[in-house]
Amino acid sequence: MARTDERENLMKMIYQMSIQDDFSAAEYEKFTELQADSDITEYFINGYQAVSKYLDEIDERINTYSVKWKTSRLPKVDLAILRLSMAELYYLDDIPVSVSINEAVELAKKYSTEKSSGFINGVLGSAARELSK
């Protein structure tokens, strides 16, 4: 499975967990059991672990870099995309910042609105600038 497909699958799981407000290992197991035809890769496992372990910190960062929009008000799809990309930026060192941002924007274009893709690009761009300091 290509990294883009893995990222999309991981975003779907994060979305599902966000809807249920449950990032537990039990929910992870349920989701991965349904993915029997797909290989669960190290990227997928590490991405889930980063999001679940650092969820509060990730949400804090989203709240810091989003203007007038807090995580409680964001559409769940946009929130899932941002959570995944923030986890990549801060906790998964093997993913280039530009790749993470570009992939997040593409996911937003596919699953959300045109305005969402611009918003997500702005939030992640602000986080990336701060991260590079």
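Residues numbered from 1 in each chain as written. Predicted model: local features only at pLDDT ≥ 70, side-chain atom pairs only at ≥ 80, totals over all residues. Heavy atoms only, no water.

*Asks:* Would you mind showing me how to read the packing of aromatic side chains here?
*Replies:* Aromatic rings in a pair are described by how distant their centres are and how their planes are angled relative to each other. Under the definition given, this model contains 5 aromatic pairs. For the ring pair Tyr 28 and Phe 44, a centre distance of 6.2 Å and an interplane angle of 40 degrees mean the geometry is tilted. On the criterion of sequence distance, the pair formed by Tyr 28 in helix 2 (residues 25–34) and Phe 44 in helix 3 (residues 42–53) is long-range, its members being 16 residues apart. Here Tyr 28 matches Phe 44 in class, with each residue buried. With 6.3 Å between their ring centres and 10 degrees between their planes, Phe 31 and Phe 44 make a pair best called stacked. Of this pair, Phe 31 sits in helix 2 while Phe 44 sits in helix 3, and the two are 13 residues apart along the sequence. (Phe/Tyr/Trp six-rings, centres within 6.5 Å; stacked < 30°, edge-to-face > 60°. Helix = DSSP H or I, 4+ residues; strand = E, 2+ residues; numbered from the N terminus. Buried < 20%, exposed > 50% of the residue type's maximum accessible area, 1.4 Å probe, protein only.)

*Asks:* How should helix 6 (residues 97–111) be read in this particular structure?
*Replies:* Along an α-helix, a turn takes 3.6 residues, which lines up residues three or four apart on a common side. Along its 15 residues, helix 6 runs 21 Å from first to last C-alpha, staying within 8% of the 21 Å computed at 1.5 Å per residue. Along helix 6, the residues that are buried comprise Ser 100, Ile 101, Glu 103, Ala 104, Val 105, Leu 107 and Ala 108. Those residues of helix 6 that are buried are in contact with helix 1 (3–20), helix 5 (76–91) and helix 7 (114–132). (Expected span 1.5 Å × (residues − 1). Contact = heavy atoms within 4.5 Å.)

*Asks:* Teacher, can you tell me more about the pattern of salt bridges here?
*Replies:* Pairing of side chains with opposite charge becomes possible as their charged atoms draw close. Applying the stated criterion across every chain, the model contains 9 salt bridges. Residue Arg 3 is joined to Glu 6 by a salt bridge in which the shortest nitrogen-to-oxygen separation is 3.6 Å. With Arg 3 and Glu 6 both in helix 1 and 3 residues apart, this pair spans about one turn of that helix. In this structure Arg 3 comes out as partly exposed when scored by relative accessible area, which is 34%. Residue Glu 6 is classed as buried on the basis of its relative accessible area of 6%. The partner of Lys 133 in a salt bridge is Glu 130, and the shortest N-O contact between them spans 3.8 Å. By relative accessible area, which is 77% here, Lys 133 ends up exposed. Sharing partners across several salt bridges, the network here consists of Arg 7, Glu 88 and Glu 103. (Salt bridge = Lys/Arg side-chain N within 4 Å of Asp/Glu carboxyl O.)

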